[in-house]
Amino acid sequence: MTRANVASKSSTPISSVTASSRKRASNGGESTPKKKRSTAKERSENDPHNPENNLVDSLRPGLILVFIGLNPGLKTAETGHAYAHPSNRFWHLLHESGVTPRKHLPSETHDLPDLYSIGNTNICARPTRDGSGLRKEELAEGAGILEEKIREFKPQAVCIVGKQIWEALWLARTGKKLKKDLFKWGWQDEDNWLGRIVDDDEHVLWPGARTFVSTSTSGLSASMKPHEKLEVWLPLGEWFKERTERGEQTGVEQPFKSGEHSS
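Everything in this summary refers to the structure shown in the same document.

The rules behind each value
- Residues numbered from 1 in each chain as written.
- Predicted model: local features only at pLDDT ≥ 70, side-chain atom pairs only at ≥ 80, totals over all residues.
- Heavy atoms only, no water.
- Helix = DSSP H or I, 4+ residues; strand = E, 2+ residues; numbered from the N terminus.
- Buried < 20%, exposed > 50% of the residue type's maximum accessible area, 1.4 Å probe, protein only.
- Areas by Shrake-Rupley, 256 points an atom, 1.4 Å probe, with all protein chains shown as cover.
- Pairing = 2+ DSSP bridges.
- Core = buried A, V, L, I, M, F, W, Y, C linked by side-chain atoms within 4.5 Å.
- Contact = heavy atoms within 4.5 Å.
- Polar contact = N/O pair within 3.5 Å; in protein donor to acceptor, adjacent residues only side chain to side chain.
- 1 Å grid on protein atoms, 1.4 Å probe; cavity = no way out; pocket = protein on both sides within 12 Å on 5 of 7 lines; lining within 4 Å.
- Points joined across faces, edges and corners; volume = space filled by probe spheres on them.
- Nonpolar A, V, L, I, M, F, W, Y, C, P; charged D, E, K, R; others polar.
- Expected span 1.5 Å × (residues − 1).
- Arc of directions from axis to C-beta.
- Axes fitted to C-alpha atoms, helices over the stretch in contact; angles between N-to-C directions.
- Parallel < 35°, antiparallel > 145°, perpendicular 65-115°, else oblique.

Moving on, we come to the overall build of the chain. Counting its secondary structure elements, the chain contains 9 helices and 7 strands. Taken across its 263 residues, the chain has 39% of its residues classed as buried. With the model as given, the accessible surface of the chain reaches about 15500 Å², and the carbon-plus-sulfur share is 51%.

Dropping the structure here:
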């Protein structure tokens, strides 16, 4: 066999073998391990910017509907406007579902209470790049704070904007993860209404705010198509239009009418 034939059977260039050998030699004969990529959660928790949150709650007594988000994104925290990132579909779905007669801008966040008796709040106040940056402890603490807000202001209804938020609330209230067969979009059963108040004898003092679970509006949420998300939102729009047309206002003195959670 000639030297040329030997060279042609080699699958690795000599220069590459030599470079690899030198690299192993410099590491005591061992290959350099690959650097582990950080997770989205680790990047969010170690965000060097630590942005200030300029978003404040839009809450007061007498509201018909309160939207509950996860936490402020960076754009929302910077501007102080809810669901401010251009890719977020919140303002589109608010209009397309019939809750508002026109598509509002994020800068109109704090006009909604005066225009429609609609408020906004979040389960957590700390801004992150995305929801994966929130710790379990933050979500548990935020769930308790949120319940107290709803008990204080007593809106007629709340809309949980995303399955992840409802799962966090369920875990905080029951100590158990929400099973797939128990989850449903839309209006929830009366026993699960947010802010519910009972006395020591389990008598209902306030049934809570009628609770609706909608899809997430984040641009990062791509598990459902736009028309599928809208289908989930439509019953909320129908309910809200009915309520505003009837001119109902909430208040502590308003008697509770059993069975109205789906009307």
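What follows continues from the structure just given.
Okay, the sheet that holds strand β7 (residues 210–214) next. Strands pair in a sheet through their backbones, by hydrogen bonds, and they do so in one of two ways: parallel or antiparallel. Strand order in this open sheet of 5 strands is β2-β1-β3-β7-β4, and the pairing throughout is mixed. Across the chains shown, the open sheet's two edge strands, defined by having one partner strand only, are β2 (118–122) and β4 (186–187). Note: strand β1 (residues 65–69) against strand β3 (residues 157–161), 4 bridges, orientation parallel. Along β3, the bridge assignment pairs F67 with C159.

Our next topic: the nonpolar core. With 24 residues, the main nonpolar core has I68, I123, V158, I160, W166, L169 and L194 as its most contacted residues. For this core, the elements supplying multiple residues, two or more each, are β1, α7 (136–153), β3 and α8 (163–174). Here this core takes 5 residues from α8, the largest share from any one element. Filtering out sequence-adjacent residues up to four positions away, L169 remains in contact with I123, A143, L146, I160 and L194. Judged by nonpolar contacts, the second largest core, of 23 residues, contains L55, W91, Y116 and W233.

Attention shifts here to the side chain of T211. Relative to the assigned elements, T211 resides in strand β7. Polar side-chain contacts of T211 include one of 2.9 Å to the backbone nitrogen of L194. In contact with T211, not counting residues within four places along its chain, are V158, I160, W166, G186, W187, Q188, N192, W193 and L194.

On to the layout of surface pockets, then. A volume near 960 Å³ is recorded for the largest pocket. Taken together, 42 residues form the lining of the largest pocket, with N71, N88, G131, S216 and S218 sitting closest to its centre. Of all elements in the fold, only β1, α4 (74–79), β2 and α8 reach the threshold of two or more residues within the lining of the largest pocket. What lines the second largest pocket is simply G131, L134, K136, L139, A140, Q164, E167, A168, L171, A172, K177 and L178. Elements supplying a minimum of two residues to the lining of the second largest pocket: α7 and α8. When residues in the lining of the second largest pocket are grouped by element, the largest group, 5 residues, is from α8. Looking at the lining of the second largest pocket residue by residue, the class counts come to 7 nonpolar, 2 polar and 3 charged.

Tracing the sequence through the fold places E152 in helix α7. In sequence terms E152 and L59 are 93 residues apart; their C-alpha atoms lie 9.8 Å from each other.

Here α7 spans 26 Å end to end across 18 residues, near enough to the 26 Å set by a 1.5 Å rise per residue. Along α7, the residues that are buried comprise E138, L139, G142, A143, L146, E147, I150 and F153. Each buried residue of α7 sits inside an arc of 165° when the element is viewed along its axis, so together they form one side. In this structure, α7 carries E137, E141 and E152 as exposed residues pointing more than 90 degrees from its buried face. Among the structural elements, β1, β2, β3, α8 and β6 (204–206) are those in contact with the buried residues of α7. K154 lies just past α7 and shows a positive phi near 50°.

Right, let's talk about the packing of α7 against α8 for a bit. Each pair of packed helices can be described by the angle between their axes along with the distance between the axes. Running from N to C, α7 and α8 point in directions that differ by 85°, and their axes come no closer than 9 Å. The orientation of α7 with respect to α8, classified from their angle, is roughly perpendicular. Touching L139, A140, A143, L146 and E147 of α7 are A168, L169, A172 and R173, all from α8. Split into classes, the residues belonging to the contact of α7 with α8 amount to 7 nonpolar, no polar and 2 charged.

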